[in-house]
Structure formats: structure tokens, C-alpha cells
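A structural walkthrough
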Amino acid sequence: MAHVIGSLPARASSSGNPISVSSVVVAPGVTVFVVMLHVQGGTDRTGGAMRLGNYTLTQANSTQKAAASPEGSAELWYALNPLPESYTLTIPNAGALTIRYQIGMAAAAAGSSSFFRQANGGNGTSTNPTAGALSDCRAGDIVFGAVFSGATTWAPSARTGTQIQDTDDGAFGGGTQYSIIGADGSFTPGWTFGTSDDWGAVGACFGEWPAPALQSHYGFDVGDGMSVAEKVR
């Protein structure tokens, strides 16, 4: 079986500290919850991990930004198998930076759960940003990817996955994408963009634990106080 994409709320922007997003609805069956950040400015976002209600999100890879003269950075955070509920998402932002945030959700097959398989990140000053290869994806996995670009006219002509959103802020740009993996092997989240500028990108792959097989046992008396259990599938 394979993951299916779920809710992809509209990307939003804030410079609050913290950024508080109320009424984030996690529907029944959602097993992957991600938040992808496009952070403006040469300094990293500070203040710690995000929270979805009582869940502390985990950062999938390090914050990615160009080594020389960065104009911003990309982050990707996740929670797995959250209970269905309406939550408040809290994004710490001690530096009061301008942050665009994109929420993404996905569901494993009915009765299954999801797990974090691997992540990667890349940065540079060049054309065609990429998060780097996710070398061990499996059929049915879901990959999310996020990129920050210092380009003033961010408009990629293609991407390796399905577009969630691309935004040109005038002075900066960036985008998010997802992919449901069709076959075992390596997958690289990337964007085809011909203008050379600074960028940082992150990608993360999530696998699926299948639903447990139902097994039961019964016993019967064979005399002399002995019993035999036979497995029934």
C-alpha cells in the first residue's frame, strides 16, 4: 500500500514570537504531519522546537542556508501518527524573523502507521536547488521537500515532485513539494530554476508500517492436565 496526500493548508507568513496558528485540524487517519519553513534573513530562526498541541515536532535535518552571504534558510519539522484533533501550532521565533510556513499532512493505508525513514539537506549559490539524495526510499513512501531561494524572481520551471506552493516575495522566493514514491530506490527533491542565487533545501522521506495481522489462539484439553494451543489465522 502507499501513503496518500492529505490536507495542505494555504501557506502563510508572520514575524510574531511565537507564531501561533490556531485550529489546525488533523483528520482521522493522518499519520504524517509536517511544517516547512522559509525563513528570511541571514540568521537562523531561534527559540527551539515547534509544538502541535502537546506534541513536540522533530527537525528532519539541520537548517539549510548558503555558506556565503545567505539571505534566508529552509527547515522541515514533523510529527508522526498524531491523534485526530484540532490543535494550535506554535512556531518559536525569538528573533522576530519573517517566516513563511507550509503545513502538509499525509495518511498511510488504513490501519497502518508511518515512520521517519531519512532526510537530507543541501545549500549553495547556484541554479537548480536540491535537497540531496534520499538514497533508501521505498515504494509507497512519501517525501516532502522545502526550499528557500534568495532569487527575486523565483519561478521554477519544474520540480521532481508535485508542487504544493511557490512564492515570490519580491526580494526572496521559495517553494514546497511532495512525492509519493513509485519504486524502491533513491529520490532527490529538487527544483529546476535557471537563475543562480543563494538557496537552502531540505527533504524528508516517511515510510509505512503495515497494519498488524489479526491472530488469535484457542486451547483445548488433551487430558492429564495438558493443553495444546493452536494458532488460528
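Please read these numbers as outputs of a predicted model, since none were measured by experiment. (Residues numbered from 1 in each chain as written. Predicted model: local features only at pLDDT ≥ 70, side-chain atom pairs only at ≥ 80, totals over all residues. Heavy atoms only, no water.)

1. What to know about the overall build of the chain
Helix and strand counts for the chain come out as 0 helices and 21 strands. Taking the principal axes of the C-alpha coordinates as reference, the chain spans close to 85 × 35 × 25 Å. A buried classification covers 44% of the 233 residues belonging to the chain. The contacts of the chain with a sequence gap of at least 6 include a subset with a gap of at least 24, amounting to 79%. Of the roughly 10200 Å² that the chain leaves accessible, carbon and sulfur atoms contribute 52%. Averaging the locations of the 10 positively and 16 negatively charged side chains of the chain gives two centres separated by 2 Å. (Helix = DSSP H or I, 4+ residues; strand = E, 2+ residues; numbered from the N terminus. Buried < 20%, exposed > 50% of the residue type's maximum accessible area, 1.4 Å probe, protein only. Contact = heavy atoms within 4.5 Å. Areas by Shrake-Rupley, 256 points an atom, 1.4 Å probe, with all protein chains shown as cover. Lys, Arg positive; Asp, Glu negative; His and termini not counted. Charge placed at Lys NZ, Arg CZ, Asp CG, Glu CD.)

2. Notes on the confidence of the model for the chain
Considering every residue of the chain, the mean pLDDT works out to 92; 91% of them sit at 70 or more. pLDDT under 50 marks residues 216–223. Its contacts with residues more than four places away, or in other chains, come to 17 contacts. Taken as a whole, residues 226–233 scores under 50 in pLDDT and shows 20 contacts with residues more than four places along the chain or in a different chain. (pLDDT = per-residue confidence, 0-100.)

3. Notes on the pattern of salt bridges
All chains considered together, the criterion is met by 6 salt bridges. K65 is the partner of D44 in a salt bridge, and the nearest nitrogen-oxygen pair spans 3.0 Å. With D44 in the loop between β4 (32–40) and β5 (51–52) and K65 in the loop between β7 (58–59) and β8 (72–80), this residue pair connects regions lying 21 residues apart in the sequence. Take K65: its relative accessible area is 24%, and that puts it in the partly exposed class. The partner of D169 in a salt bridge is R100, with the nearest N and O atoms 2.7 Å apart. With D169 in the loop between β15 (162–168) and β16 (173–180) and R100 in strand β10 (residues 99–107), this pair connects stretches of sequence that are 69 residues apart. Relative accessible area serves as the criterion here: at 27%, D169 is assigned to the partly exposed category. (Salt bridge = Lys/Arg side-chain N within 4 Å of Asp/Glu carboxyl O.)

4. Here we look at the packing of aromatic side chains
The final tally for this structure, using the stated rule, is 7 aromatic pairs. On the numbers, 5.7 Å between centres and 45° between planes, the contact of F148 with F172 is tilted. Taken together, the positions of F148 in strand β13 (residues 142–149) and F172 in the loop between β15 and β16 put the pair 24 residues apart, joining distant regions of the chain. Grouping residues by exposure puts F148 and F172 together as buried. Members of the aromatic cluster, each reached through a chain of ring pairs, are Y78, F116 and F206. (Phe/Tyr/Trp six-rings, centres within 6.5 Å; stacked < 30°, edge-to-face > 60°.)

5. A few points about the sheet that holds strand β19 (residues 197–209)
Taken in spatial order, the 5 strands of this open sheet run β11-β19-β13-β16-β15, and their pairing is antiparallel. Since the sheet does not close on itself, it has two edges, and those belong to β11 (113–126) and β15, each with one partner. Ignoring strand direction, the axes of neighbouring strands in this sheet form an average angle of 10°. Direction of pairing for β13 relative to β19: antiparallel, over a ladder of 8 bridges. Counted as the bridge partner of F144 is A204 from β19. (Pairing = 2+ DSSP bridges. Axes fitted to C-alpha atoms, helices over the stretch in contact; angles between N-to-C directions.)

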